Amino acid sequence: MPSFQELHLTPSNAAALERLGWSPDDAGVRDTAPTAARGHNLVAFTPPVPAYAAPALAGLLSRVPQGQQALLLAPPGQLDEWGALSHQLGREAGLRIQVAHGTARALRRLKADAVDLVIASPETALSLLRRSALRMDSIAALLLA
């Protein structure tokens, strides 16, 4: 049985996954977490509930270097669900997460360099990009939900 450490997850993300009920021997964890943590492209088909993507998100969050960001694009109706899951996974690591229902607050936090993970709809992300708040050269990882 592999350990979370062998799956390239940071200790804080491994602990969060374990608290959420995942085990390193679960197929969903073994197949997605290390791939995402290594920065490789990953396509995972899961039920339309963010909880099933927790291992992939934990892997993605494990690889975001200091000074860069991750971007999670989701349908507007699922932003809060993705935000809740991201906060559970990133809390112990001290990740600064912004769920962007609109551009105002996200714009201020991005310009202040106070965000590690932006969760937004594609439309909101495009608006932040057009306003130069979201810079593609600072995005280290992307999750399309």
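Not measured: the values here are computed from a predicted model.

Reading the values: rules and limits
- Residues numbered from 1 in each chain as written.
- Predicted model: local features only at pLDDT ≥ 70, side-chain atom pairs only at ≥ 80, totals over all residues.
- Heavy atoms only, no water.
- Buried < 20%, exposed > 50% of the residue type's maximum accessible area, 1.4 Å probe, protein only.
- Helix = DSSP H or I, 4+ residues; strand = E, 2+ residues; numbered from the N terminus.
- Pairing = 2+ DSSP bridges.
- Right-handed = clockwise from strand over helix to strand, strands pointing away.
- Axes fitted to C-alpha atoms, helices over the stretch in contact; angles between N-to-C directions.
- Contact = heavy atoms within 4.5 Å.
- Salt bridge = Lys/Arg side-chain N within 4 Å of Asp/Glu carboxyl O.

### Quick look at the pairing of strand E3 (residues 117-120)
Link 1 in the chain: Neither face of E3 is exposed, since Leu117 and Ile119 on one face and Val118 and Ala120 on the opposite face are all buried.
Link 2 in the chain: Pairing geometry for strand E1 (residues 69-73) and E3, over four bridges, is parallel. Of the residues in E3, the one forming a bridge with leucine 73 is alanine 120.
Link 3 in the chain: Following the chain from strand E2 (residues 97-100) across helix H5 (residues 104-111) to the adjacent parallel E3, one finds a crossover that is right-handed.

### Some points on the sheet that holds E1
Link 1 in the chain: A sheet is described by the order of its strands in space; here four strands give the open sequence E2-E3-E1-E4, paired in parallel fashion. If you trace the sheet from one side to the other, it starts and ends with E2 and strand E4 (139-144), each paired once. Put simply, the sheet's adjacent strands are angled 15° from each other on average, direction ignored.
Link 2 in the chain: Pairing analysis gives five bridges linking E1 to E4, with the strands arranged parallel. Opposite alanine 70, over in E4, you have alanine 141 as the bridge partner.
Link 3 in the chain: Across the face of the sheet, H5 comes into contact with E1, E2 and E3 while running at roughly 150° to E2.

### Describing the pattern of salt bridges
Oppositely charged side chains can form a pair if their charged atoms are brought close together.
Link 1 in the chain: Applying the stated rule across the entire model yields three salt bridges.
Link 2 in the chain: A salt bridge links arginine 19 to glutamate 92, with the nearest nitrogen and oxygen atoms 3.2 Å apart. Separated by 73 residues along the polypeptide, arginine 19 in helix H1 (residues 11-19) and glutamate 92 in the loop between helix H4 (79-90) and E2 bring together distant segments of the chain.
Link 3 in the chain: For arginine 19, a relative accessible area of 53% gives the class exposed.
Link 4 in the chain: The salt bridge involving arginine 135 is made with aspartate 137; its shortest N-O contact spans 3.5 Å.

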